[in-house]
Structures are given as structure tokens and as C-alpha cells.
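Working through the structure, step by step
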Amino acid sequence: MLLMNVEQYQENSWKILCDFDGTISLQDTTDVLLENFADQGWEEIEQLWEQGEIGSKECMQRQIALLNVTKEKLEALVHQIEIDESFIDFVKAAKKLGIPLTIVSDGLDIVIRHILAKYNLRHVPVIANQLEQVSEHRWQLHFPNATKICKSQSGTCKCKVSQTQHKQYKTILIGDGRSDFCLSEEADYVYAKKSLLKHCQDNNIKHVPFSTFTELTKTLDQFVGLPQLDAKVHV
Ligand SMILES: [Mg+2]
Ligand SMILES: [Zn+2]
């Protein structure tokens with residue numbers, strides 16, 4: 001009985017695809033790792049990306065190949081990275097409303113999962129680039145969600161994820177930066193901060209500015225056409 005109620009509304013249902021670095025985490029986790037552990041040359045690669053000479057996939061692939069750090073040291077640093085803690089209540093609110101939430105990131109999967117675990121958010125699904133340890137000090141990045149046609153040439157094309165993950169649902173994008181640009185043009189609803197906010201303003205993309213998840217939690221119930229949800233939504 002409970003499940004049927006949810007299914008009735010799926011045609012008009014929404015899903016949330018949420019960026020991680022700078023949106024949930026306070027710092028960009030890849031930048032923190034590179035600043036601390038990369039061999040020389042990563043900043044030059046970053047410049048090529050900033051100038052538009054290479055896409056983010058190539059940028060990340062080359063930078064991660066410069067990481068020179070053991071798993072223990074990498075995890076110890078990652079453990080210090082903090083998130084916007086109002087994300088925790090946002091996750092609960094989305095679950096209560098039956099809105100599926102997926103973290104979609106052009107960052108590093110095991111790094112994100114490590115940080116989420118620290119905040120008891122291990123259950124939140126993550127789609128990101130796959131970081132693999134290839135020797136005691138060396139790492140390699142894999143891109144199972146890349147596409148040749150991605151406008152941003154991202155490692156993880158968020159447009160592709162939007163088309164495959166709960167594809168019958170409308171998309172709410174939450175993001176802060178360049179990895180969100182491609183999906184911001186296609187998403188049904190965009191919450192934006194920092195450079196994504198500017199991108200939306202410059203390109204006439206409808207969006208809602210935000211700074212913390214506290215603001216977003218307050219507005220989430222607009223996506224569900226039911227005034228009283230507690231008893232009806234099976235989660
Ligand atoms: Mg970001
Ligand atoms: Zn894309």
C-alpha cells in the first residue's frame with residue numbers, strides 16, 4: 001500500500017543530483033590533495049584547463065598521476081576535510097519526501113565516500129571518477145561516466161548521469177562550479193552558488209541562488225505535490 005502511493009507520483013517526480021566539491025565539502029578535495037601531495041607540474045596542468053586548452057577529464061587524469069602519497073597519509077588528510085553540516089538534515093529531508101538524492105561529482109569517489117562516512121552519510125549514493133591505488137605511492141584515475149560529447153569534457157559527465165539515473169524523473173541540480181555547467185543547461189531546476197551562479201546569470205539559465213543547505217531544506221517540499229507526506233511516503 002505504502003509503495004503504491006509513491007509510484008503514483010513517479011511520472012511527476014523529481015530527483016536531486018548534487019555536486020560534492022565546494023557544494024557539500026567546504027574545500028575542493030582534489031585541490032587539497034594536489035597541494036599537499038603532488039609532484040611538481042600540477043599547477044601548469046591546472047592552468048591549461050583554466051585556459052580551456054584541455055578538458056577537466058584530461059586535467060584530472062594528468063594531475064592524479066602526479067600524486068605521490070601512501071593510502072594512510074591520503075586518508076589522514078581527507079579525514080580533516082569538513083562539509084556544510086546542514087547537508088546532513090538536507091539528506092534526511094529528501095529521504096522523508098521520497099526524493100532520490102545522488103552525489104554526482106567530477107572528483108574522486110573514495111575520497112568522497114571517506115568524508116561521507118565521517119558524517120554517517122555512507123548510505124548516500126555517489127557517482128564520481130574512480131581513484132585506484134596502483135603502487136604504494138602512486139594513483140590512477142578512471143572515468144566510467146565520461147562521454148565524448150560532453151561539452152565540459154568532464155571525467156564524470158553530469159548530463160549523462162542525469163539521463164541514466166532515475167531517467168524518468170525531473171532533475172534538480174545543486175552545484176557550485178564548472179563541473180555543473182553542462183547539466184545546468186538541461187536540468188529542470190538549478191540551485192547555484194559561486195561560479196555556477198555566475199554561469200547561470202551570464203547564460204540566462206533559470207536558477208535559485210543559495211549558500212548553505214539550510215536554505216535548500218526549507219524549499220524541498222515544493223517538489224512534492226502532497227501537503228502531508230509523513231504518512232504517505234514509503235522510504
Ligand atoms: Mg563543485
Ligand atoms: Zn557533460
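Positions within a chain are numbered from 1, following the residues in the order the chain's sequence is written. Here chains are named by letter from A upward and ligands by number from 1 upward, in the order in which they appear as written. Predicted model: local features are reported for residues with pLDDT of at least 70 only, side-chain atom pairs are reported and counted for 80 or more only, and whole-chain, interface and lining totals are derived from all residues. Water and hydrogen atoms play no part in the side-chain values, which are based on all heavy atoms of the structure.

Under an unreviewed UniProt entry, the protein chain has the name MtnX-like HAD-IB family phosphatase and belongs to Acinetobacter pollinis.

A few words now on helix α2 (residues 29-37). For every residue, the accessible area (1.4 Å probe, protein chains only) is compared with the maximum for its type, and the residue is labelled buried under 20%, exposed over 50%, or partly exposed between those bounds. Secondary structure elements follow DSSP: runs of H or I of four or more residues count as helices, runs of E of two or more count as strands, with numbering from the N terminus. Regarding α2, the residues found buried are T29, T30, V32, L33, L34 and F37. Residue contacts are defined here by distance: any two heavy atoms, one from each residue, within 4.5 Å place the two residues in contact. At its buried positions, α2 is contacted by α3 (42-50), α4 (56-64), α5 (71-78), β2 (101-108) and α7 (109-118).

A few words now on the coordination of the magnesium ion (ligand 1). Excluding water, the donors of a metal are its N, O and S neighbours within 2.8 Å, or within 3.2 Å for Na, K and Ca, and that exclusion means sites may look incomplete. All of the protein donors around the magnesium ion (ligand 1) are D19 (OD), D21 (O) and D176 (OD); their distances to the metal are 2.1 to 2.2 Å. In primary sequence terms, the donor set of the magnesium ion (ligand 1) follows D-x1-D-x154-D. An identical accessibility class is assigned to D19 and D21; each is buried.

Okay, the packing of α2 against α5 next. The axes are straight lines fitted to the C-alpha atoms, using for helices just the contacting stretch, and the angles between their N-to-C directions are given from 0 to 180°. Contact pair α2 / α5: the axes reach a minimum separation of 11 Å and the direction vectors enclose 130°. Relative to α5, α2 is oriented oblique. For the pair α2 and α5, the sense of crossing is right-handed. In this structure, α2 contributes V32, L33, N36 and F37 to the contact, and α5 contributes K73, L74, L77 and V78. Each residue gets one label: Ala, Val, Leu, Ile, Met, Phe, Trp, Tyr, Cys and Pro are nonpolar, Asp, Glu, Lys and Arg are charged, and the others, such as Gly, are polar. Within the contact of α2 with α5, the residues separate by chemical class into six nonpolar, one polar and one charged. Angular relationships are summarised with four words: roughly parallel below 35 degrees, roughly antiparallel beyond 145, roughly perpendicular across 65 to 115, and oblique for the angles in between. Take the far helix as the reference: if the near one is turned anticlockwise from it by less than a right angle, the crossing is left-handed, and if turned clockwise, right-handed.

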